Amino acid sequence: MIVIVMGVSGSGKSTIGKMLASELNWEFYDADSFHPSANIEKMRQGIPLTDADRMPWLLTLQEAIASLLQQDRNAVLACSALKSSYREIMLHNCDRSRIRLVYLKGSFQLIQQRLKQRQNHYMSQNLLQSQFDTLEEPEDAICVDISQPMDAIVQQIYRLLIANG
Ligand SMILES: Nc1ncnc2c1ncn2[C@@H]1O[C@H](COP(=O)(O)OP(=O)(O)O)[C@@H](O)[C@H]1O
Ligand SMILES: O=C(O)[C@H](O)[C@@H](O)[C@H](O)[C@H](O)COP(=O)(O)O
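Residues numbered from 1 in each chain as written. Chains lettered and ligands numbered in written order. Predicted model: local features only at pLDDT ≥ 70, side-chain atom pairs only at ≥ 80, totals over all residues. Heavy atoms only, no water.

Draft legend 1. Local environment of the nonpolar core. Grouped together as the largest cluster of nonpolar side chains are 45 residues, with contacts concentrated most on Ile 4, Ile 65 and Met 90. With six residues, helix α3 (residues 51–70) is the largest single contributor of residues to this core. Non-local contacts of Met 90, meaning those with residues more than four positions away in its chain, are made with Ile 4, Leu 58, Leu 61, Gln 62, Ile 65, Leu 77, Cys 79 and Ala 81. (Core = buried A, V, L, I, M, F, W, Y, C linked by side-chain atoms within 4.5 Å. Buried < 20%, exposed > 50% of the residue type's maximum accessible area, 1.4 Å probe, protein only. Helix = DSSP H or I, 4+ residues; strand = E, 2+ residues; numbered from the N terminus. Contact = heavy atoms within 4.5 Å.)

This is the structure we're talking about:
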């Protein structure tokens, strides 16, 4: 099974994803580390990625997901997965019954505040508006309110994952 924790930059994907993986005793992957260096450089400079920029990254993620599933490995993947078409590419041809999507939902103001406090990260805070502009909220996800404390979020996801099977 693979749990994909998605949302805009600063929504808590990496933090919550790691905590969830540790709670489940599963592997953790961060889609940020699959970006080509040209994409990282663009984001560092505050230039939003285009669909074309994201395509090679999404195809790499597609391969990684397929490979994990093929090896029957359980994992949590933190990934922005902003548009429905991106999610389709990542999950193309894979058994959807082995995928769970978790959407970290929060307001622009709250996430902007958190990004201001976050240290040592390449992502420019100026990209938050374009992240929200690109975001297509998923309909088939476990949706959690990120204004809660981190532990409460992880526990809520854990309970919903078990309840939904
Ligand atoms: N529920 C939360 N409450 C308070 N701070 C949080 C919460 N979730 C994440 N954070 C903080 O917000 C910042 C962004 O989280 P991060 O995991 O880096 O987001 P993302 O991976 O989605 O970009 C980090 O500094 C993190 O510690
Ligand atoms: O598609 C994108 O625009 C990126 O994937 C972006 O959404 C992602 O979030 C960055 O890699 C920044 O990293 P953080 O999410 O950790 O800020």
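Read on for the rest.
Draft legend 2. Layout of the pattern of salt bridges. According to the stated counting rule, one finds eight salt bridges in the structure shown. For Asp 53, the salt bridge goes to Lys 42, with nearest N and O atoms at 2.6 Å. In this pair, Asp 53 is assigned in helix α3 and Lys 42 in helix α2 (residues 37–44), connecting sequence segments eleven residues apart. The class of Asp 53 is buried, set by a relative accessible area of 18%. For Asp 51, the salt bridge is made with Lys 83, and the minimal N-O distance between the two is 3.1 Å. You can see Asp 51 sitting in helix α3 and its partner Lys 83 sitting in the loop between β3 (75–78) and α4 (84–90), a full 32 residues away along the chain. Owing to a relative accessible area of 39%, Asp 51 belongs among the partly exposed residues under this scheme. Note on Lys 83: relative accessible area 19%, which makes it buried. A network of salt bridges, in which partner residues are shared, links Glu 88, Arg 96 and Asp 140. (Salt bridge = Lys/Arg side-chain N within 4 Å of Asp/Glu carboxyl O.)

Draft legend 3. Expanded view of helix α5 (residues 108–117). Buried residues of α5: Leu 110, Ile 111 and Leu 115, and no others. Looking straight down α5, one finds that the buried residues subtend no more than 135° of arc, so they occupy a single side. For α5, the exposed residues lying more than 90 degrees away from the buried face are Gln 109, Lys 116 and Gln 117. Its buried side turned inward, α5 meets α6 (128–134). (Arc of directions from axis to C-beta.)

Draft legend 4. A look at the site of ligand 2. In the vicinity of ligand 2 lie 14 residues, with Ser 9, Lys 13, Asp 32, Arg 54 and Gln 131 positioned nearest. Within the contact set of ligand 2, an oxygen atom lies 2.8 Å away from a side-chain nitrogen or oxygen of Lys 13. Residues belonging to the shell around ligand 2 are distributed by class as follows: five nonpolar, five polar and four charged. (Near = heavy atom within 4 Å. Polar contact = N/O pair within 3.5 Å; in protein donor to acceptor, adjacent residues only side chain to side chain. Nonpolar A, V, L, I, M, F, W, Y, C, P; charged D, E, K, R; others polar.)

Draft legend 5. Molecular detail of unusual backbone geometry. The backbone of Ala 81 shows a phi angle near 45°, a positive value even though the residue is not glycine. Position of Ala 81 relative to the elements: it lies in the loop between β3 and α4. For Ala 81, a relative accessible area of 1% translates into the label buried. For Asn 93, which is not glycine, the phi torsion reads 65° and is therefore positive. Looking at the secondary structure, you find Asn 93 in the loop between α4 and β4 (99–105).

Draft legend 6. The environment of Glu 27, seen in detail. Relative to the elements of secondary structure, Glu 27 occurs in strand β2 (residues 27–30). The exposure class assigned to Glu 27 is partly exposed, which follows from its relative accessible area of 26%. Sequence separation between Glu 27 and Arg 73 is 46 residues; the distance between their C-alpha atoms is 8.1 Å. With near-sequence residues (within four places) excluded, Glu 27 lies in contact with Ala 21, Leu 68, Arg 73, Asn 74, Ala 75 and Val 76. For Glu 27, the side chain forms a polar contact with the side chain of Tyr 29, separated by 2.4 Å.

Function cannot be read off these values alone, since they describe shape.
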